[in-house]
Amino acid sequence: VARRPRLVTLSTDMGPVYSAQIKGVLHRLLPDGMVVELTHELPRHQVTEGAFLVRQMARQFPPGSVHLAVVDPGVGGRRAPIAVRCKDESCLVGPDNGILYPLAELLGIVRTVRLDQQRLIGKRSISATFAGRDLFAPAAARLALGALVEDLGDPRTLSPLRIPEPQRRSQGVDGMVLHVDHFGNLISNIPAEWLPRDAPALSLSVGSRRPVPLSRARMYEQLPRGDLGLLTSSFELVEIALREDSAAKRLGVGVGEALKLRWRTRVKSTPAR
Amino acid sequence: VARRPRLVTLSTDMGPVYSAQIKGVLHRLLPDGMVVELTHELPRHQVTEGAFLVRQMARQFPPGSVHLAVVDPGVGGRRAPIAVRCKDESCLVGPDNGILYPLAELLGIVRTVRLDQQRLIGKRSISATFAGRDLFAPAAARLALGALVEDLGDPRTLSPLRIPEPQRRSQGVDGMVLHVDHFGNLISNIPAEWLPRDAPALSLSVGSRRPVPLSRARMYEQLPRGDLGLLTSSFELVEIALREDSAAKRLGVGVGEALKLRWRTRVKSTPAR
Amino acid sequence: VARRPRLVTLSTDMGPVYSAQIKGVLHRLLPDGMVVELTHELPRHQVTEGAFLVRQMARQFPPGSVHLAVVDPGVGGRRAPIAVRCKDESCLVGPDNGILYPLAELLGIVRTVRLDQQRLIGKRSISATFAGRDLFAPAAARLALGALVEDLGDPRTLSPLRIPEPQRRSQGVDGMVLHVDHFGNLISNIPAEWLPRDAPALSLSVGSRRPVPLSRARMYEQLPRGDLGLLTSSFELVEIALREDSAAKRLGVGVGEALKLRWRTRVKSTPAR
């Protein structure tokens, strides 16, 4: 009895029209397959932010899934088309420009190959501007049907992506904005656990601007309306939020901007909230 | 033989990235399940408009479906996480802030419970800012697999949502804008059947502005280009439209704005259109 | 043994809320069906651009699929509701305003019928503003379950859609912008194969503006940053692009704008790139 193909997820920055073409190829090659579009709205051409988001979305899916992710400003050029097998039997497909790296690292890299166009689709010609449809989708479909990544190309080393690391400072930490979420909350690269447990007086400087005070809260509802606050985001990173409003707009801040967080620790007299 | 899980729908205001994480959890817990994202673009934090839209979308789905809906500005706070069983065996999951109320009322409320985190996911910790992923998705999956809402928590009364009611006036009706649709049409809270069958001279005042005349039509094509018109929306409510253009932009109007509709009835000499 | 229903695709210009209602009807009528939303973001009311996009998306799907496409400014009016059977056994459903024509022509028209409301849904009344939900979805579901288009109405001829044709000029071609893609690239109606193989000096005039020089490239990565370039789009049409930026914004150009492309051919001494 034929097993059902593995679930395939799709994450792109290319909007609905190009993404729908990829879905078409996947459904054509996987008549009984399950294809789940995670998003076609990754920030255009932004590999680092996209890579962070792909990891956060895809990690929720079942082990053994096939994850196709395409943010690919260098499409058709020098970056290699690749597939990665991970420890949980998940397979990743996309360009070797870093978009897959954080997810691969999280799931555990077992083997990486450079996709061999000839083996995948024979002598058919492909668009130099749409590898997602013409190369990555056929590769993902083959993996969903049970092919091994080794069947699709020759071994290669996955190129790393350097996500900026936060820096610990005396009474503080320097980081940056990794992502602005759908509500305008700033998701930083600072692990929430780096914060002291009791930090009554927090302040934030954005770029070279003057520090502003920050409330600290466990949930949005605790933030005084109109005040900037700091929470632990669901990504377990420091998040800067404005209750039912956009912190990004209020601060005029986008992805990549430097954040300096400072605190004054009290003598430990009250328990942490 | 295991039955296929019930279909699960998902409606949120949280954009693709957070919604995709919920889809991941659902697919992980429901390997053969059908998960249909209705939208991740409900208006941010707008419970009343969202509740109206959730009812309109979800009511089209088969009886017995599981509907997960999250517009949840108070996430992690005082509002209870709940599940509702309805007369048609549909189950609803989300926060008890009104987002589920109109749909529950339409389908017929049989039982409401407060979700018990311990029973659902044991001692695992959850994010204080993302109940959709960490609590509601596991609850929806359990219901899709056949659990009863009674298995997920203790009984509770569903909190009502007060959607503003229109008021009949002499030769008219006062209402408000419940929703601005994708085309910029204004969907009011006024039942279309409240209009007189023949009403040749209609006028509309928005907020405190001067009345403007309205054409009346059965379909957009009948509206003179550039004139505001009144139709029966597919929600069976009064709709204000501008042919192939945005009435909301023309009038500078958004959700919540007051609408005063007035008419002069003629002596009944012509049949209704 | 019951066969699984055919896959149904859905393409609309109506945003998520109306599209979700169509999905609900489809899932209600096709409990085991596969419904794939290609997009709910076709440009509002733009039949020509929508028809081009529907063809490009739907053509990737398996033969025998049912394609439901709705861009329907004349909903409820004189345009007929139709279904088309194609040579590859695909079926198309939507309004007879041209939205289905390019796809039907590509797949090969076998038979067209005018949908008969009575035969489809009996005496139930339908919304005059939402045929997608009340008429087209039930028709698509019937076809997915194996009905013949002939079962759904009486024969009719499909109305053609005239997509503007490009014109060959001495040392050039005149065309127009058919679509602005998600990245701001201009997709023209000019077949890429109309270009000379070696054309070192290309220029482009938009509307009545002065010509600007164009680089030519096979992939985006080859374009000098900040310079407009010409590529072969994945639609196999001439595409005007700005590397990791929006050509549409740079040129202030939208769909329908006239494009004049000119070249000076060199003596053939270098091979085409």
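Keep in mind it's a predicted model, so treat the numbers as computed, not measured.

**Here's the deal with the relation of the copies chain C and chain A**
The two chain copies are related to each other by a rotation about an axis together with a translation along it. Overlaying chain C with chain A gives an RMSD of 0.0 Å, the required rotation being 120 degrees about an axis along which the chain moves by 0.0 Å. Between the two chains, the operation in question is that of a three-fold axis. Considering only C-alpha atoms, the residue of chain C closest to the rotation axis is methionine 34 of chain C, which sits at 5.3 Å.

**Things to note about the interface of chain B and chain A**
One frequent convention defines the size of an interface as the accessible area lost when the parts assemble. Listed as interface residues are 30 residues of chain B and, on the opposing side, 30 residues of chain A. At the junction of chain B with chain A, the criterion picks out two salt bridges. Where arginine 78 of chain B meets glutamate 221 of chain A, a salt bridge forms, and the shortest distance between an N and an O atom there is 3.5 Å. Examining the composition of the side of chain B that touches chain A, we find that 11 residues originate from one element, helix α1 (residues 15-29) of chain B, more than from any other. Grouping the amino acids of the side of chain B that touches chain A by side-chain chemistry returns 11 nonpolar, 12 polar and seven charged.

**Section: the environment of aspartate 32 of chain C**
Along the chain, the position of aspartate 32 of chain C falls in the loop between α1 (15-29) and β2 (35-39). Since its relative accessible area comes to 44%, aspartate 32 of chain C is described here as partly exposed. With sequence-adjacent residues up to four places away left out, aspartate 32 of chain C is seen in contact with Arg4 of chain B together with Arg4 and Pro5 of chain C.

**Points about the sheet that holds strand β5 (residues 91-95) of chain B**
Residue and element names in this part refer to chain B. The seven strands lie next to each other as β2-β1-β3-β5-β4-β6-β7, forming an open sheet whose pairing is mixed. This sheet does not close on itself; its edge strands, each paired only once, are β2 (35-39) and β7 (153-155). Recorded for the sheet is a direction-independent mean angle of 25 degrees between the axes of neighbouring strands. Packing of α1 onto the sheet brings it into contact with β1 (8-12), β2 and β3 (66-70), and relative to β1 it is tilted by some 160 degrees.

**Let's talk about helix α5 (residues 131-144) of chain A**
Residues and elements named next belong to chain A. Over its 14 residues, α5 runs 18 Å from end to end, which matches the ideal 20 Å to within 8%, given 1.5 Å per residue. Bending of α5 peaks at approximately 30 degrees at the position of alanine 137, with proline proline 138 no more than four residues after it. Within α5, 13 of the 14 residues are buried, which leaves the element mostly enclosed by the surrounding structure. Just beyond α5, the residue with positive phi is glycine 146, at close to 115 degrees.

**Regarding the interface of chain C and chain A**
Counting from both sides, the interface comprises 30 residues of chain C and, opposite them, 30 residues of chain A. Both faces combined, the contact of chain C with chain A buries some 2700 Å², and carbon together with sulfur accounts for 58% of it. The largest per-residue losses of area from chain C upon contact with chain A belong to Gln60, His182 and Phe183 of chain C, which jointly make up 26% of the total buried on that side. Run the count over chain C and chain A and you get two salt bridges. Our count for the contact surface shared by chain C and chain A stands at eight residue pairs in polar contact (both at pLDDT 80 or more). Broken down by secondary-structure element, the contributors of at least two residues to the side of chain C that touches chain A are β2, α2 (47-58) and β13 (228-232) of chain C. Top element by residues in the side of chain C that touches chain A is β2 of chain C. It accounts for four residues. In the side of chain C that touches chain A, the residues fall into 14 nonpolar, seven polar and nine charged.

**Looking at the packing of helix α2 (residues 47-58) of chain B against α1 of chain C**
Contact geometry of α2 of chain B with α1 of chain C gives a least axis separation of 8 Å together with a crossing angle of 30 degrees. What the angle tells us is that α2 of chain B and α1 of chain C run roughly parallel. Two secondary-structure elements touch here, α2 of chain B through Leu53, Gln56 and Met57 of chain B and α1 of chain C through Pro16, Val17, Ala20 and Gln21 of chain C.

**Details of the environment of glycine 172 of chain C**
Here glycine 172 of chain C is to be found in strand β9 (residues 172-180). Glycine 172 of chain C has contacts with Leu261, Arg262 and Trp263 of chain C, leaving out every residue within four places of it along the chain.

**Topic: the sheet that holds strand β3 (residues 66-70) of chain C**
Residue and element names in this part refer to chain C. Taken in spatial order, the seven strands of this open sheet run β2-β1-β3-β5-β4-β6-β7, and their pairing is mixed. Looking at strand neighbours, the two that pair on one side only are β2 and β7 (153-155), the edges of this open sheet. Direction aside, the axes of adjacent strands within the sheet are offset by 25 degrees on average. Bridge count between β3 and strand β5 (residues 91-95): three bridges; the pairing is parallel. The partner of histidine 67 across the bridge, within β5, is leucine 92.

**Here we look at the packing of aromatic side chains**
For the coordinates displayed, the defined rule picks out nine aromatic pairs over all chains. Ring centres of phenylalanine 52 of chain A and phenylalanine 235 of chain A lie 5.2 Å apart, and the angle between their planes is 65 degrees; this geometry places the pair in the edge-to-face category. With phenylalanine 52 of chain A in helix α2 (residues 47-58) and phenylalanine 235 of chain A in the loop between β13 (228-232) and β14 (237-242), this residue pair connects regions lying 183 residues apart in the sequence. The two residues phenylalanine 52 of chain A and phenylalanine 235 of chain A agree in class, both being buried. Three or more aromatic residues joined by ring pairs form one cluster here, namely Tyr18 and Phe130 of chain A together with Phe52 and Phe235 of chain C. Lying over the aromatic face of tryptophan 194 of chain A, arginine 168 of chain A brings its terminal NZ or CZ to 3.9 Å of the ring centre.

Conventions we followed
- Residues numbered from 1 in each chain as written.
- Chains lettered and ligands numbered in written order.
- Predicted model: local features only at pLDDT ≥ 70, side-chain atom pairs only at ≥ 80, totals over all residues.
- Heavy atoms only, no water.
- Least-squares fit on C-alpha atoms with pLDDT ≥ 70 in both.
- Contact = heavy atoms within 4.5 Å.
- Salt bridge = Lys/Arg side-chain N within 4 Å of Asp/Glu carboxyl O.
- Helix = DSSP H or I, 4+ residues; strand = E, 2+ residues; numbered from the N terminus.
- Nonpolar A, V, L, I, M, F, W, Y, C, P; charged D, E, K, R; others polar.
- Buried < 20%, exposed > 50% of the residue type's maximum accessible area, 1.4 Å probe, protein only.
- Pairing = 2+ DSSP bridges.
- Axes fitted to C-alpha atoms, helices over the stretch in contact; angles between N-to-C directions.
- Expected span 1.5 Å × (residues − 1).
- Bend = angle between axes of the 7 residues up to and from the residue.
- Buried area = accessible area lost by both parts, 1.4 Å probe.
- Polar contact = N/O pair within 3.5 Å; in protein donor to acceptor, adjacent residues only side chain to side chain.
- Parallel < 35°, antiparallel > 145°, perpendicular 65-115°, else oblique.
- Phe/Tyr/Trp six-rings, centres within 6.5 Å; stacked < 30°, edge-to-face > 60°.
- Lys NZ or Arg CZ within 6 Å of the ring centre and 35° of its normal.

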